[in-house]
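Architecture and fold: a report
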Amino acid sequence: MSEQTAAQVAVNGAQPSAMRAKAKTLVKNAFGEAWKAKEAGRKICYCFVLGPAELLRCFDMYLIYPEISSAQMAAKKTSLPYIQKAEDYGYSADTCSYVTADVGLYLSGNQHPLGHVPPPDLVINDTLCNTYYKWTEVIHDFWKCPVFSIDHPVRLKRDEKYPYDIEETYQQDKQYVVKQLLELIAECEKLTGIKFDPERFRKNLEFGNQMSALWCEIIDKTRNAPTPFDAVLDGYGYIAGMNTHKGTAEGVAYLEAVKTELDQRIVKGTGAVAEERFRLLWMSAPCYPYFRKIPEMFHQRGATFVYTPQFMQGTRGTYRSKMYDLERPLESYAESMLDYFHGRNPRQAPQWSMGWWGGKDDIRNHLDLMRRFNADGIVFHAIKSCRLNSGGFADLREHLSREGVPILMLESDIADPRFFSEAQVKNRIEAFMEGLEERKYYRARAAV
Amino acid sequence: MATIDEIVQRCQDQVGDLAFGYVRDWKKRNPQGKVMGYFPVYFPAEIAHAGGILPVAILGGGNRIKLKQADAHMYSFMCSICKSTVELGLSGRLAFLDLFVGSPICDAARHMPNLMQRNVPGLTIDLLYYPGNLRTELAIPYLHREFNRIRQLLESVAGHAIDDEVIRRSVCLYNESRRLVREIYAIRRDSPWLILASECYLLVRAGTFMPVEEHIDLLREVLAQIPDRHARPIDKIRVVYEGAFCEQPPVEFIQALEEVCYVVDDDFLLGSRLIREDVPEDGDPLLNLACSYRDRSHCSSVQHDLRRLKSDDLLAKCRSAEAQAVILSPAKFCEPGLDDQVHHLKRFDREGIPSLQMEFQERMKDFDGVRTQTETFAEAIQFYAN
Ligand code: SF4
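Along each chain, residue indices are assigned from 1 in the same order as the chain's sequence is written. Chains carry letters and ligands carry numbers; both start at the beginning, A for chains and 1 for ligands, and go up in the order they are written. In view of the model being predicted, local features appear only for residues whose pLDDT reaches at least 70, and side-chain atom pairs are presented and counted only at 80 or more, with totals across whole chains, interfaces and linings using the full set of residues. To get the side-chain values, take all heavy atoms of the structure and skip hydrogens and water.

1. Comments concerning the overall build of chain B
A run of H or I in DSSP becomes a helix once it reaches four residues, and a run of E becomes a strand once it reaches two; helices and strands are each numbered from the N terminus. Helix and strand counts for chain B come out as 16 helices and 8 strands. Radius of gyration here is computed from C-alpha atoms only, and the compact-globule reference equals 2.2 Å multiplied by the residue count raised to the power 0.38. Relative to the globule expectation of 21 Å for 386 residues, the C-alpha radius of gyration of chain B, 20 Å, shows essentially globular dimensions. Expressed as lengths along the three principal axes of its C-alpha atoms, the size of chain B is roughly 65 × 45 × 45 Å. Each residue's exposure class comes from its accessible area (1.4 Å probe, protein chains only) as a fraction of the maximum for that residue type: buried when under 20%, exposed when over 50%, partly exposed otherwise. Buried positions account for 66% of the 386 residues belonging to chain B. Long-range pairs, those at least 24 residues apart, make up 73% of the contacts in chain B with a sequence separation of at least 6. Counted as positive: Lys and Arg. Counted as negative: Asp and Glu, with His and the chain ends omitted from the count. Charged side chains are reduced to one point each, which is NZ for Lys, CZ for Arg, CG for Asp and CD for Glu. In chain B, 46 positive and 56 negative side-chain charges are present, and the distance between their average locations comes to 3 Å. We call two residues in contact whenever any of their non-hydrogen atoms come within 4.5 Å of each other.

2. What to know about the sheet that holds strand S1 (residues 34-38) of chain B
All names here are of chain B. Here 4 strands make up an open sheet; going across it, the order is S2-S1-S3-S4 and the pairing parallel. Since the sheet does not close on itself, it has two edges, and those belong to strand S2 (53-57) and strand S4 (125-127), each with one partner. Ignoring strand direction, the axes of neighbouring strands in this sheet form an average angle of 25°. When DSSP finds two or more bridges between a pair of strands, those strands are recorded as paired. Relative to S2, S1 runs parallel, the two sharing 5 bridges. Within S2, the position partnered with Gly37 by the bridge is Val56. For every element, the axis is a line fit to its C-alpha atoms; helices are fit only across the contacting stretch, and the angle between N-to-C directions ranges from 0 to 180 degrees.

3. Concerning the sheet that holds strand S1 (residues 44-47) of chain A
For sheets, the rule is that strands pair by backbone hydrogen bonds, running either parallel or antiparallel. All names here are of chain A. Here 4 strands make up an open sheet; going across it, the order is S2-S1-S5-S6 and the pairing parallel. With partners counted over all chains shown, the strands left at the sheet margins are strand S2 (62-64) and strand S6 (147-149), one partner each. Strand after strand, the sheet turns through a mean of 25° between neighbouring axes, direction not considered. Note: strand S5 (residues 122-125) against S6, 3 bridges, orientation parallel. Bridge pairing in S6 links Val123 to Val147.

4. Regarding the packing of helix H14 (residues 310-320) of chain B against helix H15 (residues 335-351) of chain B
All names here are of chain B. Axis separation between H14 and H15 bottoms out at 9 Å; the angle between their running directions is 55°. What the angle tells us is that H14 and H15 run oblique. Like other packed secondary-structure pairs, H14 and H15 cross with a definite hand, here right-handed. Contact residues: Lys310, Ser311, Asp312, Leu314, Leu315, Cys318 and Arg319 in H14; Asp340, His343, His344, Arg347, Phe348 and Glu351 in H15. Roughly parallel covers angles under 35 degrees, roughly antiparallel covers those over 145, roughly perpendicular covers 65 to 115, and oblique covers all other angles. Each crossing is labelled by how the near helix is turned from the far one, with a counterclockwise turn of less than a right angle marking it left-handed and a clockwise turn marking it right-handed.

5. A closer look at helix H18 (residues 422-447) of chain A
Working rule for helices: expected span equals 1.5 Å times residues minus one. The end-to-end C-alpha distance of H18(A) is 37 Å, a good match for the 38 Å that 26 residues give at a rise of 1.5 Å each. Buried residues in H18(A) make contact with strand S7 (278-283), helix H12 (293-299), strand S8 (303-307), strand S9 (377-383) and strand S10 (407-412) of chain A.

6. Concerning the side chain of B:Asn119
Inspection of the secondary structure assignment puts B:Asn119 in helix H6 (residues 107-119). Nitrogen and oxygen atoms within 3.5 Å of one another constitute a polar contact, given that in protein one can donate a hydrogen and the other can accept it, and given that sequence-neighbouring residues count only through two side-chain atoms. At a separation of 2.8 Å, a polar atom in the side chain of B:Asn119 contacts the side chain of A:Asp395. A distance of 2.8 Å separates a polar side-chain atom of B:Asn119 from the backbone oxygen of B:Leu115. With sequence-adjacent residues up to four places away left out, B:Asn119 is seen in contact with A:Asp395, A:His399, B:His73 and B:Leu90.

7. What about the state of the cysteines?
Residue and element names in this part refer to chain B. The definition used for a disulfide is geometric: two cysteine sulfur atoms within 2.5 Å. Enumeration over the complete set of coordinates arrives at 0 disulfides over all chains. Note on Cys200: no disulfide assigned, nearest cysteine sulfur contributed by Cys11 at a separation of 11 Å. What makes Cys200 buried here is its relative accessible area of 1%. The cysteine Cys261 is free of any disulfide, with Cys318 supplying the nearest cysteine sulfur at 12 Å. Given a relative accessible area of 1%, Cys261 falls into the buried group.

8. With respect to the interface of chain B and chain A
Contacts between the two partners involve 56 residues from chain B, matched on the other side by 66 residues from chain A. For the chain B and chain A pair, buried surface summed over both sides reaches about 5300 Å², with 52% attributable to carbon and sulfur atoms. Each reported salt bridge corresponds to a side-chain nitrogen of Lys or Arg within 4 Å of a carboxyl oxygen of Asp or Glu. For the interface between chain B and chain A, the tally reads 9 salt bridges. Notably, a salt bridge pairs B:Glu146 with A:Arg155, separated by 2.8 Å at the nearest N-O pair. Where chain B touches chain A, the interface holds 40 residue pairs in polar contact (both at pLDDT 80 or more). In this description, buried area is defined as the sum, over both parts, of the accessible area (probe of 1.4 Å) that is lost when the two are combined.

9. A word on the pairing of S9(A)
Residue and element names in this part refer to chain A. Judged by how many residues are buried, S9 sits mostly within the fold: 7 of 7 residues are covered. A two-sided burial pattern is seen for S9, the buried positions comprising Gly377, Val379, His381 and Ile383 on one face and Ile378, Phe380 and Ala382 on the other. Strand direction decides the pairing type here: S7 and S9, joined by 4 bridges, are parallel. Within the sheet, the bridge partner assigned to Leu281 lies in S9 and is Ile378. Here S9 runs beside S10; their pairing, made up of 6 bridges, is parallel.

10. Structural notes on the site of the ligand
Neighbouring the ligand are the residues B:Phe39, B:Cys79, B:Ile81, B:Cys82, B:Ile105, B:Cys106, B:Phe245, B:Cys246, B:Glu247, B:Val302 and B:Cys334. Think of it as three bins: nonpolar holds Ala, Val, Leu, Ile, Met, Phe, Trp, Tyr, Cys and Pro, charged holds Asp, Glu, Lys and Arg, and polar takes everything else, Gly as well. For the shell around the ligand, the residue count by class is 10 nonpolar, no polar and 1 charged. Nearness is defined per residue: one heavy atom within 4 Å of the molecule or strand is enough.

11. Some thoughts on the pairing of S5(A)
Residues and elements named next belong to chain A. A two-sided burial pattern is seen for S5, the buried positions comprising Leu122 and Ile124 on one face and Val123 and Asn125 on the other. Here S1 runs beside S5; their pairing, made up of 3 bridges, is parallel. Across the sheet, Cys45 pairs through a bridge with Leu122, a residue of S5. Crossovers are marked right-handed if the path from the first strand over the helix to the second runs clockwise, as seen with the strands pointing away from the viewer. The β-α-β motif built from S5, the intervening helix H7 (residues 130-143) and the parallel element S6 has right-handed crossover chirality.

This is the structure:
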C-alpha cells in the first residue's frame, strides 16, 4: 500500500488504483508550489482546464486551474464555507458552485486547503462553457488583471443539407482561432518578457501527442472485463493528474505509470470491484463533496463505471483520432479547440457530446457507447449548478428509455454539498440496481 | 385614429397570443412570405427583412403557457424562457416558422436549439454564434463572415439572393424604427408620466413580430399623441431597471413596479435596442452591422467585452435619466444575469446609489411581493431624501 491509505481500499475488497493516489500528489504539488513560483518571479496565469496550457508553458507561466481549485476544495470537504462567503457577498446559490467556491477563496485571502494561491497576472478563458466567460469577468472584478478569451465558435450539427459550405466555415473558424492565438502569444511575450519559441511549443505538443496516445489506450482498458479501474473514482483522479501536467514530460511519465499499473491489473485480473456484476456509463462530472460515497454505493452492488464522456470532454487534445500535426502546430492547435465541438466532421457530432449540440447523433452516440463498453445502463448525474453538463439529460433520458436503456438520474452538485441527499441518492440507486438485477435474471432465464 | 391606450391594448393582446395570430394573419396576407424566428438577445433583422422574410423574436411563452411537455425534456434549474420556448416548439405552436435561429449566449441557451432539433421534426434550425471576445479587432471580420453565412441561410429560405443594396434599404428602415424607440425612451427619461414603462415595453415588443414598416407607423402614431396626453407628474422615485435583457418579465410585473416608482430607463427587450446609434447606411451593410454590434451597442450580460465595464454603462444610464436608484432584477436561474447583479451591486454601493435586488420569472402570476418590496425600498429612499 505505497501511496494509498487503508481508507482508500475499495469497499468490496478490490485494490484501488495506486495511480489515483499519485494523481492527488501531483495536484497537491501543483498548488503547493504556486507561491514559490510567484516569488521566483514567474507570472501566474489562471487558465481553465481546456485552455492552451501547452502554449502558455512556452512563457514559463505558472498555471492555476480554477475548476480544479474548486473541485479540490469540494473533494477536501471544505467548499461549503467558501461558497457561503460568496453568497454572503451577493452571489446566488443558482450560480455555478465552482464559481462561488472560487469567489469564497478570494474573500478568504486566497487560502486554499492545498496552499496559498497567488492572484493572477493573466486569466485565459475559452468557449467550453459560457460560465467561463462570466467567471473570467468575476475574476477581473476581483483582481483587475488582464484577461484573454480564446473564442472558438460553436456550430450546430445539422441533419439537412447546409446552404453554405461547412468545410469553408470550418476553415474560416480555424483561421479566426489561429489569429487569436497569435494575439495571445504577443500578449504573453509582453507580460513575461519571454520570446515565443516555436521549437519549445512543438516539443510541448509532442508531449501532448504522447499523452493523447497513452490516454486513448488507458480509457480503452475499461472494455476489459473486469474493468481494471473505475471511470469515476479512478478516472477522475487520472484526469486531474494529467490536466495539471498537460504538455509536459511529467504528464507523459504519469500516464505511462497509469498504463503500466492497469496492464498489471489486467494480467492479474484485478478489477475495480472484487466481483464485477454490472458495468455502467457515468454522464457528467462527479459530486466532488461526496466523491467516493456515490461510486461506492454502486460498488457495494457489484456495479462499476466503465466510461464517462468527460474522458474526452474534460481533456482537450486527447480526443482526436488525429494527433497535433507538428508541421503546422498553431493550426493544428486551433483544430483541437474547434474539434471539441464538431468532431473533425461537422456533419457528425462527437461522441462526447452529452446532449449539447449533436441533435439525433447524441442518441446514437450513447447507444454506441453502451455497445462499445458492453454497459448495462447509464447514470446521468444532473449537477444542480451546471446547466451545460446537465441541460440535456432529461431529454436524453426520454429518448434512451424508449430504446430500452436502463437509466438512473441522480441529482447533486459538483461543489455544493447542500444539494446531496444521502437517503434520496441511496434509495434511487437501490431501486435502479434492483431493476438491473431483475433484468439480468430474466435475460439469463430467457437464454436458457 | 386609435388612442395610445387603444394601441397599447392591441399590442398587449397580440403579445399575449400564444397562437401568434398576428404572424399567422401576416402569412395569410402574404402567401409567398416566409417567417423566421430567433431567440434573444439579438438578431440582425435587417438581413431577414431584406429577403422578404418576417423576423419574429421567440421570447418564450410568458405566464400564460402551461409546460405540459417541456418539463419532461428539460432540466429543472433552467430559466423559464428556455423551457417555454421548447414548449412552444413541442406543442406545435412554432409550426409557422420556416427557420429558427438560436444563439449559444449562455449554457442554457446552448441546449435549447439542440433539444428543438431532436424533438420538433420539420423545424429548420441553425445557430448564429456571436464572437465571445469583443475586445479584439478580430471580432469584426469574424462577425462579418458570420452575418454573410446567415445571409446565405436566409437566401435559401427566401429562395432568392439578398443583395447589399436591399439590405442597405432595410438598414435605413431599422434605423428609423430605432430612432423612434429612442425618442420614446427620451420622453420617458424626461417626463415618465407621459408614457409608462409598461406601455413602452408593449410598444417595443410589437416590433419583435410585426414588419418594421408597420411598427414605424405605430410608433409615429403614438409619438404624435404623447404631448397631448393628460397626465400629471406624481411624487414617485425614479429608478432604472436592469436584468431583463433576455427573458422578459410579465407586463403585470412592470406595472407593479410603476405603481410605486417611475421606471425611467431599462433593459427590457434589449435586443431590439441593442444598437444604440444609427447603423451607417452606406458601404458594406453586413460589415456595418458587424461593427455596430461590437462598437455601437449597449452592454448585455451575454456580451463579453472588457474594454468597458457593464456597470459603467448602467451608471451612465442612471445618471442621464437622473435616477435615484436602480432595480437589479435578473430572471430566475439566469446565470449571466445573476453574476452581473453582483457586479452592479458592488459598483452602486461604492457610488452610494441605492439598489434593490429581486428576481423575476416570466411565468410568475403573483405580484404582491414585488409591489411590497418596491414600496419598502421606495419609502426608505424617500425617507432619507427628506
Ligand atoms: S434568460 Fe439568461 S439563462 Fe436564460 S437563456 Fe437568457 S441569458 Fe440564458
